[in-house]
Amino acid sequence: MGTPSWNRVEVDRAALRHNFRQVRKLVGPSLGILAVVKADAYGHGLIPAAQSFAEAGATAFGVAEVEEGVCLRQAGITGEIVVMLGVDQGAEEAVAYDLTPVVYTLEAMEALAACAAKGGCRKGVQIKVDVGMGRLGILPRELEPFLAALRRFPNLYLAGIASHFPKADAEGDATTTDQYRLFQELLAGIQGAGDGRISHIANSATLMRYPEMHCDMVRPGISLYGCYPADWLQQTSALDLRPGMRFTTTVLQVKEVPAGQGVSYGHRYVTERPTKLAVLPVGYADGYLRRMTGKAEVLLAGHRAPIRGMICMNACMADVTDIPGVKAGDAAVLLGCQGAGEIRAEEIARWSETINYEILCLFGSCNRQVYYDSEAPATPPVY
Ligand SMILES: *Cc1c(COP(=O)(O)O)cnc(C)c1O
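None of the values given here were measured: they were computed from a predicted structure.

Asks: How do you make sense of the site of the ligand when you look at a structure like this?
Replies: The environment of the ligand is formed by 13 residues, the closest being K38, Y42, S204, I222 and Y357. Take Y42: an N or O atom from its side chain is 2.5 Å from an oxygen atom of the ligand. With respect to the ligand, the backbone of I222 contributes an N or O atom lying 2.8 Å from an oxygen atom. Starting from 390 Å² of accessible surface for the ligand in isolation, the protein chains cover 92%. Split into classes, the residues belonging to the shell around the ligand amount to five nonpolar, four polar and four charged.

Asks: I'm lost on a negative patch on the surface in this one. Help?
Replies: On the surface, a cluster of negative charge is contributed by E65, E67, E92 and E93. In this structure, E93 sits in helix 5 (residues 91-96). Of the residues examined, E93 reaches a relative accessible area of 38% and is grouped as partly exposed.

Asks: What is the right way to look at helix 7 (residues 143-151) in this model?
Replies: Three or more residues of helix 7 are buried, namely L143, F146, L147, A149 and L150. Angular distribution of buried residues about the axis of helix 7 spans 155 degrees; they occupy a single face of the element. Opposite its buried face, helix 7 presents the exposed residues P145 and R151, each directed more than 90 degrees away. Against strand 5 (100-103), helix 6 (106-119), strand 6 (123-128), strand 7 (156-162) and helix 8 (175-189) lie the buried residues of helix 7.

Asks: Would you explain the environment of Y180 in this entry?
Replies: Here Y180 lies in helix 8. Sequence separation of Y180 and G132 is 48 residues, and the distance between their C-alpha atoms is 9.5 Å. Beyond its immediate chain neighbours, meaning those up to four positions away, Y180 contacts F165, I201, E212, M213 and C215.

Asks: I would appreciate a short explanation of the pattern of salt bridges in the present structure.
Replies: Note on pairing: side chains with opposite charge can pair once their charged atoms come close. Applying the stated rule across the entire model yields 19 salt bridges. Where salt bridges share partners, they join R13, R17, E55, R242, D373 and E375 into one cluster.

Asks: Help me out: how do you make sense of the packing of aromatic side chains in this one?
Replies: Two aromatic rings, taken as a pair, are described by how far apart their centres are and by the angle between their planes. The tally for this structure, following the rule as stated, stands at six aromatic pairs. Taking the centre distance of 4.7 Å and the plane angle of 20 degrees together, the rings of Y42 and Y225 count as stacked. Pair noted here: Y42 is in helix 2 (residues 38-42) and Y225 is in the loop between strand 9 (217-218) and helix 10 (231-236), with a separation of 183 residues, a long-range link. Of the two residues, Y42 and Y225, neither departs from the other in class, the shared state being buried. When the ring of F247 is compared with that of F363, the centres are 4.6 Å apart and the planes differ by 45 degrees; the resulting orientation is tilted. Highlighted residues: F247 in strand 10 (residues 245-250) and F363 in helix 12 (residues 356-366), separated in sequence by 116 residues. Among the aromatic residues, those joined into a cluster by ring pairs are F20, Y42, F53, Y225 and Y357.

Asks: Sorry if this is basic, but what is going on with the nonpolar core here?
Replies: Among soluble globular proteins, nonpolar side chains are generally buried collectively. Ranked by internal contacts, the top residues of the largest apolar core, which has 116 residues, are V37, F53, Y225, Y288 and L300. Taken domain by domain, this core gets at least three of its residues from each of domain 1 (9-227) and domain 2 (245-343). Of all hydrophobic cores here, the second largest spans six residues; its members include V257, V263, L277 and V279.

Asks: I keep staring at the pairing of strand 17 (residues 316-319) and nothing clicks. Help me out?
Replies: Moving residue by residue along a regular strand, the side chains alternate between the two faces of the sheet. Side chains C316 and A318 project from strand 17 onto one buried face, and the interleaved M317 and D319 project onto a second face that is buried too. Bridge count between strand 14 (residues 275-280) and strand 17: four bridges; the pairing is antiparallel. Bridge pairing links A278 to A318 in strand 17. Taken together, the two bridges between strand 16 (residues 303-308) and strand 17 define a ladder with antiparallel strand orientation. Following the sheet pairing, I307 is matched in strand 17 by A318.

Asks: How do you make sense of the domain arrangement of the protein chain when you look at a structure like this?
Replies: A common measure of how large an interface is: the accessible area buried when the components associate. With domains assigned, the protein chain is organised as domain 1 (9-227) and domain 2 (245-343). Put simply, the middle of domain 1 and the middle of domain 2, counted by C-alpha atoms, are 42 Å apart. The interface is formed by five residues belonging to domain 1 together with four residues belonging to domain 2. Overall, the association of domain 1 and domain 2 removes approximately 460 Å² of surface from exposure, summing both partners, and the carbon and sulfur fraction of that is 51%. Ranking the residues of domain 1 by area buried against domain 2 places V9, E10 and H44 at the top, with a combined share of 87%. Between domain 1 and domain 2 we count one salt bridge in total. Here R246 and E10 are joined by a salt bridge, their closest N and O atoms 2.7 Å apart. Our count for the contact surface shared by domain 1 and domain 2 stands at two residue pairs in polar contact (both at pLDDT 80 or more).

Scoring rules and cut-offs
- Residues numbered from 1 in each chain as written.
- Predicted model: local features only at pLDDT ≥ 70, side-chain atom pairs only at ≥ 80, totals over all residues.
- Heavy atoms only, no water.
- Near = heavy atom within 4 Å.
- Polar contact = N/O pair within 3.5 Å; in protein donor to acceptor, adjacent residues only side chain to side chain.
- Areas by Shrake-Rupley, 256 points an atom, 1.4 Å probe, with all protein chains shown as cover.
- Nonpolar A, V, L, I, M, F, W, Y, C, P; charged D, E, K, R; others polar.
- Patch = residues over 30% accessible without salt bridge, like charges linked within 9 Å, V, L, I, M, F, W, Y side chains within 5 Å.
- Salt bridge = Lys/Arg side-chain N within 4 Å of Asp/Glu carboxyl O.
- Lys, Arg positive; Asp, Glu negative; His and termini not counted.
- Charge placed at Lys NZ, Arg CZ, Asp CG, Glu CD.
- Helix = DSSP H or I, 4+ residues; strand = E, 2+ residues; numbered from the N terminus.
- Buried < 20%, exposed > 50% of the residue type's maximum accessible area, 1.4 Å probe, protein only.
- Arc of directions from axis to C-beta.
- Contact = heavy atoms within 4.5 Å.
- Phe/Tyr/Trp six-rings, centres within 6.5 Å; stacked < 30°, edge-to-face > 60°.
- Core = buried A, V, L, I, M, F, W, Y, C linked by side-chain atoms within 4.5 Å.
- Domains from an automatic or database assignment.
- Pairing = 2+ DSSP bridges.
- Buried area = accessible area lost by both parts, 1.4 Å probe.

If you want it as structure tokens, here you go:
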């Protein structure tokens, strides 16, 4: 693979296994858990993440698109794979690779039925119903006719009914309860419409806050990666989660500049005292967003160092005046722990005015992911 980049997203497989087991402990031994691995497993790497969850007992996986499901199958992942955005042209592959599509259009149903008939099989599908999210899914009043249409396809059967909450993470919100009631009414209205069909609605926030809404299966995403869906949930949650991702880089150069020295493009920062700067080979091209200028901090030798001046495309400068001994070649931590220091995704999200989910996806998609197992410390990271 050539010379590895100075920047690496380090994923701890043991943390992912631990988080899956935490969710398992919370929901009990028999409930279904759909491990959500869409978006390259929130930046942690689709296949290694799915394998880690499988090692911890996961038997069902949620992806956004057919292509991701095919990748999982080709990597040897068995168990159920639910394609949460459904299939469009992908019906044939969904059948060939034994993926479970979510459906919300007649066209997709027809395409799946035709492919299943061709393959001589019966295909289970899950219907997505929109009880208030205003996103994917048929409307509640469309459910009856949609089910009637489904029954006309002998090669299809109803394997599940799913929905999703828009505000399960919002403190003091009542709409989730109302939407859940509507979901339950819909389910009650279709008793017997599918033998063995399951229902599911709970993302991480829902599974933490509303045990009565676990249904037959929960769909955790962010919690499996060791983050909480909202800051306030961290204090109250029964889940003890471990962040699965670190983002590290290497100091390129350390130098002393005098007071009054402008730093980086535009000289937006000017030193107030003789200052020791550590130049880091990381910038907005690596997901370290320019809008964090003036806010971001990194860890060096376990201590926090503020980033000075504009964050560039592939570089930024940390002020290490107060951290003795920093030199070129030292490891700097942008996300995660170093010594007694820790920078969490939530903090980076605040600097960049977004949510922890986006930070994980961003760092993961911009950088090489490497894997290690903190419960088997002798193994070197795998590129
Ligand atoms: C992404 C997603 C989830 C996981 O949500 P988290 O908040 O990350 O737990 C669950 N269900 C659906 C439909 C999703 O799109």
